[in-house]
Amino acid sequence: MSAEYLVDGGVAVITLNNPPVNGLGLATRTAAVEGIRKAELDDTVKAIVLTGAGKVFSGGADIREFNSPKALTEPTLHTLIRVAENSTKPVVAAIHGVCMGGGLELALGCNYRVALPGAQVALPEVKLGLVPGAGGTQRLPRVLGLERSLEMIVSGTPVLSDKLAGTALFDEVFPAGTELVPAAVAFARRIADVRPLPKVRDRSVDHPDFEAFLRRSRESVKAMAGPFPAPLACVECVAASVTMPFEDGLKFERERFLQLAQSPESKALRHAFFAERAASKIPDVPADTPTRQITRAAVVGAGTMGGGIAMSFANAGIPVTILEMEQDRLDKGLATIRKNYESTLKKGKLTPEKFDQRMGLITGTLSYKDIAQADIVVEAVFEDMGVKESVFRHLDSVMKPGAILATNTSTLDVNRIAGVTSRPQDVIGTHFFSPANVMKLLEIVRGAQTGKDVLATTMALSKKLKKTGVVSGVCDGFIGNRMLEQYLRQAGFLLDEGALPEQVDQAIEKFGFAMGPYRMSDMAGNDVGWYVRKRRAIEAPDVTYSKTADLLCEQGRFGQKTGAGWYDYVPGDRTPHPSQMVNDMIVNHSKELGIERRAISDQEIVERLVYALVNEGAKILEEGIALRASDIDMVYLTGYGFPLQRGGPMFYADWVGLPRVLASIEKYAEGRNGDAWKPAQLLARLAAEGKGFNS
Ligand code: NAI
């Protein structure tokens, strides 16, 4: 049953029932239409109440039916809204909890709307690169006015029902604690005989100077929309609510909706939306896998990462103790945390109470015995196997049974780390990204012996920390950094062949990356990669790479922290300035290699950087290191600044077409350093089969 029907003293109550959020799927729409028709035919019924089961009215379209023919099967949402709007008996929407998207559009088609306070009201379609498609942009301005409705539709942000009390959106917002359905039924009885039936569509949108308002809105929305067309389309639809008759406005909105649904930007946003949900599912770890309780945490190492990780725990209300080896390092780490919170406080993004509460949750120690009772400990010491092994031996000897032992290593072998403990089932990788209290991504590295309950607990923890958890198998660099290595290799070869850092950065930033590889390396510290390359030079001596980065580090140009890197910096300012000295060094190096430098197009730069990610991603997928292509996309969208409008490297490759991607890779394999371009078997196979990574 997807909508229940009962009659209560002359009022039919139709309850949408499609957990978890009463999504308006085909079965629910059908039952709602049948309910309204039944009520119309029943002479004892004078009015109809439409409400939602459980704690919400309706969250809108049923996301399980996205991209399915069911979404277009009659009765569509449009039909349901028309049936409600044209009912011969008054229909009252009784709203609580959540009233979003199609749910709000349905409510706007009803004759009356009553609500409990605290209900979240929104038209969030813009977040998926769309405009509301079932009349939302035409009806909302008719009850809220131009300015308020435009703000809601362009931002997609929920507004609480109590904040909207007194507007024509709600006929009544009941006091807190009211029982919704009986109150709505009583309301329905009161208005049962009122004729003509009020309809939102019959109202007009009044604004004293709508043309100037719309002109200003177009300008400001254009400036903030970046590469996404949907926000401006929202403005045009809202404009249509003033400038066109209702039916024409509906048609205009529908056309924009269909157009945007086909746009690459909306497809990318919808892909990211589903990818995030998919990432939380691990095939052999079902949702009901028992989890361990995490009420106390510990972090080893109060450096860059340790401090940020401790803040993530404190932000989630979990008390955390940081263990350091020396008092002054501990003091420095704690002072940095305080400074970070203070700056948030100053910006007004944290209340003084929350500041005290968070600082109160973080303690420091030099003694292992003070962290022994933690439910999880995250190691964030130097990226050195010897140091990590010694820390894990210590942890094994002191931590209480059942504690999760996690490592924040960015490249090292989690199985080897687990191997020095007597409890490898409790060991897992939790790879945070810098700054750890800000970045969304948490790569969760599953060791060969990691227990399923440990994995399930860590996945649940990632949600609690407000992170996107993505599972990776064990390999050097895991998903993100293993791919990044190929990206940086190409960036280096481009310098050897004729490009300069600013050209590489500009080309990829124009493609949409938040930051090019050289600006990024200067920010993260060039020494980090230097150490990794030195280790790899021993472990994998045959792997070629440009020596320019090593030459840079030999001069101590580690990036922003040393005031000089690929770029020059003015003290106290993070703006990069092209460095004549570095550029000369690059040109000289090409000469030493006997390379005649050539002009390299932006297109070649973008292809080589992005396809390097794609090719390595395909290898990661075929080796089973990533569970699905969309997980790789999530890693790049949430941890590496890959342009959201392109949906992640694997989604982008599908969009370009795998045969084209493969052909380019084969072409680059013929060029200099072609050994870096061995096409992944999976890529070649899918290209031959006419398939994509995500389909
Ligand atoms: P860091 O050098 O800033 O901090 C390391 C801290 O660990 C230092 O304060 C040091 O005193 C402390 N430490 C070293 N040995 C210790 C021991 N035996 N007991 C207690 N404390 C000890 O290093 P960072 O950047 O925070 O990196 C830490 C880990 O996180 C590394 O494994 C690194 O690969 C990883 N990582 C780093 C990222 C970054 O952007 N910096 C990003 C993601 C992971």
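Just so we're clear, the structure is a prediction, and the values are computed from it rather than from any experiment. (Residues numbered from 1 in each chain as written. Predicted model: local features only at pLDDT ≥ 70, side-chain atom pairs only at ≥ 80, totals over all residues.)

Within the protein, the secondary structure is distributed over 27 helices and 19 strands. Relative to the 2.2 N^0.38 estimate, which gives 26 Å for 695 residues, the radius of gyration of the protein is 29 Å and therefore close to what a compact globule would have. Across its three principal directions, the C-alpha atoms of the protein cover 90 × 60 × 50 Å. For the protein, the residues scored as buried account for 49% of the 695 residues in total. Pairs at least 24 apart in sequence give 73% of the contacts found in the protein among residues at least 6 apart. (Helix = DSSP H or I, 4+ residues; strand = E, 2+ residues; numbered from the N terminus. Rg over C-alpha atoms; globule rule 2.2 N^0.38 Å. Buried ≥ 20, exposed ≤ 12 C-beta atoms within 10 Å, placed from the backbone. Contact = placed C-beta atoms within 7 Å.)

Before going further, it helps to spend a moment on the UniProt feature "domain: 3-hydroxyacyl-CoA dehydrogenase C-terminal" (unreviewed entry) in the protein. Within the UniProt annotation, "domain: 3-hydroxyacyl-CoA dehydrogenase C-terminal" (unreviewed entry) is assigned to residues 477-569 and 605-691. This span, residues 477-569, is 65% helix and 2% strand, and a straight line between its end C-alpha atoms measures 30 Å. Measuring from the first to the last C-alpha atom of residues 605-691 gives 26 Å, for a span that is 67% helix and 0% strand. (UniProt positions renumbered as here; feature names shortened; annotations may be inferred.)

For the rest of this paragraph, the subject is the nonpolar core. As a rule of thumb, nonpolar side chains are buried together in soluble globular proteins. Residues Val92, Val320 and Val377 are the most contacted members of the largest nonpolar core, which totals 204 residues. For Val377, the residues in contact, after removing those within four places along its chain, are Ala298, Val300, Ile371, Leu395, Met399, Ala403, Leu405 and Ala406. (Core = buried A, V, L, I, M, F, W, Y, C linked by C-beta atoms within 7 Å.)

Turning our eyes to something else, we now look at unusual backbone geometry. Of the consecutive residues Glu74 and Pro75, the connecting peptide bond is found in the cis state with omega at -5 degrees. Tracing the sequence through the fold places Pro75 in the loop between strand S3 (47-52) and helix H2 (77-85). Here the amide bond leading from Arg195 into Pro196 is cis, since omega sits at 0 degrees, within 30 degrees of zero. Structurally, the position occupied by Pro196 is in the loop between helix H6 (180-191) and helix H7 (210-225).

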